[in-house]
2 protein chains.
Amino acid sequence: MKTLIVIGHPNIQDSRTQQFFKEAVQTFEDVTIFDVTADLEIEKAQQLMVDHQRIILQFPLYWYSCPACLKDWLDQILSLSGIEETLANKELGLVVSLGVKSSEFQAGGREKFTLSELMRPFEAIANKFNMSYLPIFSLSNLSYLTEIETKQALIKYQQYVSMEKSFSFEISEQWHLEQLLKIQKNHPKFEEKIQMLIEEIEENRDELSTLEHSLKEMKEE
Amino acid sequence: MKTLIVIGHPNIQDSRTQQFFKEAVQTFEDVTIFDVTADLEIEKAQQLMVDHQRIILQFPLYWYSCPACLKDWLDQILSLSGIEETLANKELGLVVSLGVKSSEFQAGGREKFTLSELMRPFEAIANKFNMSYLPIFSLSNLSYLTEIETKQALIKYQQYVSMEKSFSFEISEQWHLEQLLKIQKNHPKFEEKIQMLIEEIEENRDELSTLEHSLKEMKEE
């Protein structure tokens, strides 16, 4: 599956979060990054969309919506002829970076509304173009995160960009195996270590399926 | 009460709806119209906001939100220093013109979501700045409306812009009386006719209060 990340940020270079996202996927061959402020040929963007199955709009929350530069781009591209055919049956995802803690986005919180509610206009776009709308990926200011949380965010972001939609445990496991094989291929010095990890995952899988089998039998009795 | 109408439309001159709105309030002395595409001095806009109690954002729905030109203006003005003090305790209204029938904006309708849901980002802005959020005024394409509906829309728009918030029957009646007195003053040839209308409204009011009084007595018995 190929993914197009459309970044709408007035100043990508100065954004620590955008750099974090960029580095997270720099070895991902099926991911294309598109900067709406740098590449102004709108027809070229439409052609890119044709070639990708998952389209992700990635932006910082500006006044409870995307920055004007991305809205400008959307106003243009969504009015092109043939755009319905381009977008139909594709996936639309949102990667939203927040200036405040995500727990403020709920009834009773300081921001009062959930991100799902605030992003309704994007959900309506997905609805309009018969696209499949993905759960929103949001990330609070990186300086609020611990080192572990930052690493978890990195993997979750990589999965959001490249993993199949259903997000089941099996798919997640498969995704992790593929990442390990990729690292093994590119970094021979880790070969043994990664082989051990892969074997461990496979043993865990066997154990898990034995447990599931036993549980099923117990239920049937 | 003074009202500032902030229009966010990429091409006001060619919009029949925007011309309709403009003509509706051209004799209203307490109404100021501000075009975000024509007047680019952002500090001047902030000063205008200081002088007005009701601020209305008026725009055509572009992809379930405001056009990029208005988002750009909001991104700028809402980041100015002192803007919290400028906006606190004022009213925020939205006048949204629609390309499709408003009945499509509901669960099960073609657009799936209500306008209240789609406009959550504006409600969140009102929340953020301690503003009082008014019910949305929406208008479908004028060519869908009958002559009577168009006249009704005109009056409702005038009220939205200039009438006190609570929108009760008494306030509406008072508003109509004031409009008639204004016309009477500016058009002496209608003086008698308008005097008759005013008397009729006042008689109706007397009758209504008699009825209310009787009803109260009946309830007490």
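A. Main features of the overall build of chain A. Within chain A, the regular secondary structure consists of 9 helices and 6 strands. The principal-axis extents of the C-alpha atoms in chain A amount to approximately 55 × 45 × 40 Å. Of the contacts made within chain A by residues no fewer than 6 positions apart, 74% connect residues no fewer than 24 positions apart. When the accessible area of chain A is evaluated, it comes to approximately 12,500 Å², of which 50% is carbon and sulfur surface.

B. Here's a closer look at the pattern of salt bridges. Scanning the entire structure with this criterion turns up 16 salt bridges over all chains. Put simply, Lys-128 of chain A and Glu-111 of chain B hold a salt bridge, and the shortest N to O gap is 3.6 Å. Taken together, the residues span two chains, with Lys-128 of chain A in helix α6 (residues 120-128) and Glu-111 of chain B in the loop between β4 (91-98) and α5 (115-118). Across the salt bridge formed by Glu-123 of chain B and Arg-120 of chain B, the nearest N and O atoms sit 3.1 Å from each other. Of this pair, Glu-123 of chain B and Arg-120 of chain B both sit in helix α6 (residues 120-128), 3 residues apart, which is roughly one turn of that helix.

C. Here's a closer look at the relation of the copies chain A and chain B. Take chain A, turn it by 180 degrees, move it 0.0 Å along the axis, and it overlays chain B with an RMSD of 0.1 Å. Seen this way, the second copy is the image of the first under a two-fold rotation axis. Residue Ala-68 of chain A, judged by its C-alpha, is the member of chain A lying nearest the rotation axis, at 2.7 Å. Residue by residue, 100% of the interface of chain A is reproduced at the interface of chain B, so both copies engage with the same surface.

D. The interface of chain A and chain B, seen in detail. Taken residue by residue, the interface counts 27 residues in chain A and 27 residues in chain B. Approximately 2,400 Å² of surface area, both sides summed, lies buried where chain A meets chain B, with 63% of it carried by carbon and sulfur atoms. Connecting chain A to chain B are 4 salt bridges. Note that Arg-120 of chain A and Glu-117 of chain B form a salt bridge whose closest N and O atoms lie 3.4 Å from each other. The tally of links from chain A across to chain B stands at 10 residue pairs in polar contact (both at pLDDT 80 or more). Sorting the residues of the side of chain A that touches chain B by element identifies α3 (68-77), α5 (115-118) and α6 of chain A as the ones contributing at least two each. In terms of residue count, the dominant contributor to the side of chain A that touches chain B is α6 of chain A (7 residues). Taken together, the residues of the side of chain A that touches chain B sort by class into 14 nonpolar, 3 polar and 10 charged.

Criteria and thresholds
- Along each chain, numbering runs from 1 in the same order as the chain's sequence is written.
- Labels follow written order: the first chain is A, the first ligand is 1, and so on.
- Side-chain atom pairs in this predicted model are given and counted only at pLDDT of 80 or more, local residue features only at pLDDT of at least 70, and totals for whole chains, interfaces and linings cover all residues.
- Hydrogen atoms and water are omitted, and side-chain values are computed over all heavy atoms in the structure.
- Helix and strand assignments come from DSSP, with helices taken as H or I runs of at least 4 residues and strands as E runs of at least 2, each series counted from the N terminus.
- Only heavy atoms matter for contacts: two residues are in contact if any of them lie within 4.5 Å across the pair.
- Under the convention used here, a 1.4 Å probe and the Shrake-Rupley method define accessible areas, while residue burial counts only the protein chains that appear.
- A pair is scored as a salt bridge if a Lys or Arg side-chain nitrogen falls within 4 Å of a carboxyl oxygen belonging to Asp or Glu.
- When the copies are superposed, the least-squares fit takes in the C-alpha atoms of residues with a pLDDT of at least 70 in both.
- Buried area: the accessible surface (1.4 Å probe) lost by two parts on joining, summed over both.
- Pairs of N or O atoms are called polar contacts if they sit within 3.5 Å, as long as, within protein, a hydrogen donor faces a hydrogen acceptor (for residues adjacent in sequence, only side-chain-to-side-chain pairs).
- By the convention adopted, Pro, Cys, Tyr, Trp, Phe, Met, Ile, Leu, Val and Ala count as nonpolar, Lys, Arg, Asp and Glu as charged, and the other residues, Gly among them, as polar.

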